[in-house]
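# A closer look at the structure
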Amino acid sequence: MNFDNGMSLVPRVDLAYTGESFGSIFNGNVNRIKGYAQANAQIQLNGTDDRWYVRGFVQNIFDSNSETGLYVTDQSSGLYTNIFSLEPRRYGIGAGFKF
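Please read all numbers here as calculations on a predicted model, not as lab measurements.

Counting through the fold element by element, Asn-40 comes out in strand β4 (residues 36-46). At a separation of 2.8 Å, a polar atom in the side chain of Asn-40 contacts the main-chain amide nitrogen of Asn-60. Ignoring any residue separated from it by four or fewer positions in sequence, one finds Asn-40 in contact with Arg-12, Val-13, Asp-14, Val-58, Gln-59, Asn-60 and Ile-61.

Along the chain, Gly-28 turns up in the loop between β2 (21-22) and β3 (32-33). Measuring from C-alpha to C-alpha, the distance between Gly-28 and Ser-85 comes to 19 Å, with 57 residues separating the pair along the chain.

Positive phi, close to 55 degrees, is recorded for Asp-49, a residue that is not glycine. If you trace the backbone, Asp-49 turns up in the loop between β4 and β5 (52-59). Located in the positive-phi region is Asp-63, a residue other than glycine, with phi close to 50 degrees. With respect to the helices, strands and loops of the structure, Asp-63 is situated in the loop between β5 and β6 (67-72).

Within the secondary structure, Arg-32 sits in strand β3. Along the primary structure Arg-32 and Val-10 are separated by 22 residues, whereas in three dimensions their C-alpha atoms are 39 Å apart. In contact with Arg-32, not counting residues within four places along its chain, are Glu-20, Ser-21, Phe-22 and Leu-70. At a separation of 2.6 Å, a polar atom in the side chain of Arg-32 contacts the side chain of Asn-29.

Calculation notes
- Residues numbered from 1 in each chain as written.
- Predicted model: local features only at pLDDT ≥ 70, side-chain atom pairs only at ≥ 80, totals over all residues.
- Heavy atoms only, no water.
- Helix = DSSP H or I, 4+ residues; strand = E, 2+ residues; numbered from the N terminus.
- Polar contact = N/O pair within 3.5 Å; in protein donor to acceptor, adjacent residues only side chain to side chain.
- Contact = heavy atoms within 4.5 Å.

Put into structure tokens, the structure is as follows:
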């Protein structure tokens, strides 16, 4: 959206889906990682001549804690499973200038 004073407002929404995968080459049920979706959004106000901007953002809008990866250790360390998950919801603002 462009304004008469030369400034613009730019919204953005991202949705990413990662399908089912496995944590090892054996593709067993113990290594199955369910598919998951992640949504992010931001809105940015650009100054005249794009000399500056102010941005507000939210990452992981729905605060999903989906597993993104895993691996099972070997017998010498007890065969436990390390699980990796999405980062929790995060939000903030940013600003920038061009010289």
